[in-house]
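Each chain is listed here by its residues.
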Amino acid sequence: MSLKSDDPNYYAHHYNWVGENGQQKRRIRILDSTLREGEQHPGVSFTIKQRIQIAWMLDSFGVDQIEISPVVSPDHAVATKTIIKQGLRADIVAHTRAIKSDVDIAIDCGATWVATYMGISDIHLSAKLKITREEAKTRALEVADYIKSHGLKSRFTMEDASRTEPAFLIEMCKEMNRRGIERISIPDTVGIMRPRGMYNLVKMIYDSIDKSKTSLDVHCHNDIGLALANALSGCEAGADQIHTTIDGFGERTGIPSLSETSVALTLVYKSNNDLRLHMLRDLSKTISEYTSLPIPESKPVVGDSAYKHKAGTHLAAILRNPAAYEIIDPKLVGNRRKIVFGELAGKNGAAYLLTLLGLETSKHEAETLAKGLKELRMGDILELYLDDRLERKILNDAPVKVSATKE
Ligand SMILES: [Zn+2]
């Protein structure tokens with residue numbers, strides 16, 4: 001089958017955009033909440049210095065907003081104040097409860113953006129806040145007015161929006177919209193939505209508000225692994241900002257990871273963000289060091305196995321053209337391509353291994369080595385970074401053309 005374009009991903013992009021005439025190709029922003037949601041992950045706590053460094057790294061990476069909560073502790077207030085003073089390009093969003101005294105702490109830190117939140121589903125109102133819908137509305141709007149009277153930019157988070165009675169949710173959004181609250185966050189706080197449900201929820205709100213005054217955020221939890229899919233679906237319905245954390249950790253199973261979100265937006269959604277994707281692996285490593293949470297090997301984009309190739313037929317194809325099994329060059333995200341030789345190396349893998357060792361590579365030798373590797377039953381024996389030099393050497397030196405079937 002011939003491709004219509006040089007891009008091996010051509011047909012995939014075609015399916016992704018069929019019927020949409022590129023209308024959806026708009027910029028989707030990123031708010032990173034590593035310093036707020038991330039610190040809510042069990043066992044995670046950064047020092048003030050680490051918080052400041054993370055903010056610098058996120059800003060340099062290119063996120064649009066960085067969220068931090070100044071009300072958690074005096075240390076957090078110091079970090080918030082210091083980060084705001086750095087004059088970063090990203091907005092620094094001070095996250096507080098919808099309580100005036102919390103907003104005062106944000107103001108004391110010099111915040112120009114304040115995000116407040118309130119659980120507005122019946123279960124949050126009864127089990128957490130112990131107030132009625134009317135009381136919640138009054139309280140939330142008083143705080144919104146208070147923030148606006150200080151000339152601040154603001155976001156209101158409709159906590160547990162996905163389980164809130166639609167009429168009340170819309171009423172709350174309209175009130176915020178009327179007050180000129182710049183952003184409303186629509187969270188799936190418990191991670192119960194499917195992508196179509198998130199689309200319907202966001203669309204309902206998007207169609208109810210004056211878009212010239214208010215834009216929408218999506219904050220999706222990952223309790224059944226649908227966080228990023230749901231967030232992207234919410235953006236297809238009109239939201240234009242996704243909440244992430246580096247490596248995706250947060251309350252319970254967290255929210256979308258910055259790395260997966262960035263690559264999805266750039267590669268799949270063609271969103272025109274100015275992101276330094278090559279920083280992703282380093283961001284991940286830094287956070288892993290600070291939190292002592294290991295990066296799972298199979299984690300997309302930044303994991304150690306994200307661009308590791310093992311099966312014999314895969315190896316053969318990768319050496320000829322990495323696009324056979326990779327949707328982007330690992331270098332673009334600061335990761336590296338690796339090849340593994342072992343039980344599954346097959347004839348092709350064995351032939352390449354012989355080449356690397358400078359040994360003769362006839363079909364017979366390759367088959368013998370492949371059989372030997374299998375019988376050793378030692379799993380993976382050798383793992384190599386596949387850089388340009390090594391790729392050229394293998395391809396130039398390998399006289400064996402072993403058929404790439406049934407490996
Ligand atoms: Zn959250």
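Everything in this summary refers to the structure shown in the same document.

Some words on the pairing of strand β5 (residues 153-159)
Right, on to step 1. Counting buried residues in β5 gives 6 out of 7 residues, a clear majority hidden from the surface.
Right, on to step 2. Sheet topology places β5 next to strand β6 (residues 183-188); 3 bridges connect them, and they run parallel. Bridge assignment links Phe 156 to a residue of β6, and that residue is Ile 184.

Some points on the coordination of the zinc ion
Right, on to step 1. Coordination of the zinc ion by the protein involves Glu 37 (OE), His 219 (NE2) and His 221 (NE2), with metal-donor separations of 2.0 to 2.1 Å.
Right, on to step 2. When the donor residues of the zinc ion are listed from N- to C-terminus, their spacing reads E-x181-H-x1-H. In this pair, Glu 37 is assigned in the loop between β1 (29-32) and α2 (48-61) and His 219 in strand β7 (residues 215-220), connecting sequence segments 182 residues apart.
Right, on to step 3. The exposure class of Glu 37 is buried, given its relative accessible area of 2%.

Observations regarding the pattern of salt bridges
Right, on to step 1. Counted under the stated rule, the structure contains 29 salt bridges.
Right, on to step 2. The salt bridge involving Arg 36 is made with Glu 37; its shortest N-O contact spans 3.6 Å. An identical accessibility class is assigned to Arg 36 and Glu 37; each is buried.
Right, on to step 3. Of the charged contacts in the structure, one is a salt bridge between Glu 39 and Arg 51, with a shortest N-O distance of 2.5 Å. Placement of the pair is Glu 39 in the loop between β1 and α2 and Arg 51 in helix α2, with a sequence separation of 12 residues.
Right, on to step 4. Given a relative accessible area of 2%, Arg 51 falls into the buried group.

Topic: a nonpolar patch on the surface
Right, on to step 1. On the surface, a nonpolar cluster with roughly 360 Å² of combined accessible area is contributed by Leu 376, Met 378, Ile 381 and Leu 382.
Right, on to step 2. Assignment of secondary structure puts Met 378 in the loop between α14 (363-376) and β11 (380-385).
Right, on to step 3. When its relative accessible area of 55% is taken as the criterion, Met 378 is described as exposed.

Points about helix α8 (residues 195-206)
Right, on to step 1. With 12 residues, α8 ought to run about 16 Å at 1.5 Å a step, and its terminal C-alpha atoms sit 16 Å apart, in line with that.
Right, on to step 2. Here α8 has its buried residues at Gly 197, Met 198, Leu 201, Val 202 and Ile 205. Mapping the buried residues of α8 onto a view down its axis gives an arc of 125 degrees, with all of them on the same face.
Right, on to step 3. Lining the buried residues of α8 we find α7 (166-178), β6, β7 and α9 (227-236).

Cut-offs applied
Residues numbered from 1 in each chain as written. Predicted model: local features only at pLDDT ≥ 70, side-chain atom pairs only at ≥ 80, totals over all residues. Heavy atoms only, no water. Buried < 20%, exposed > 50% of the residue type's maximum accessible area, 1.4 Å probe, protein only. Helix = DSSP H or I, 4+ residues; strand = E, 2+ residues; numbered from the N terminus. Pairing = 2+ DSSP bridges. Donors = N, O, S within 2.8 Å, 3.2 Å for Na, K, Ca; no water. Salt bridge = Lys/Arg side-chain N within 4 Å of Asp/Glu carboxyl O. Patch = residues over 30% accessible without salt bridge, like charges linked within 9 Å, V, L, I, M, F, W, Y side chains within 5 Å. Areas by Shrake-Rupley, 256 points an atom, 1.4 Å probe, with all protein chains shown as cover. Expected span 1.5 Å × (residues − 1). Arc of directions from axis to C-beta. Contact = heavy atoms within 4.5 Å.

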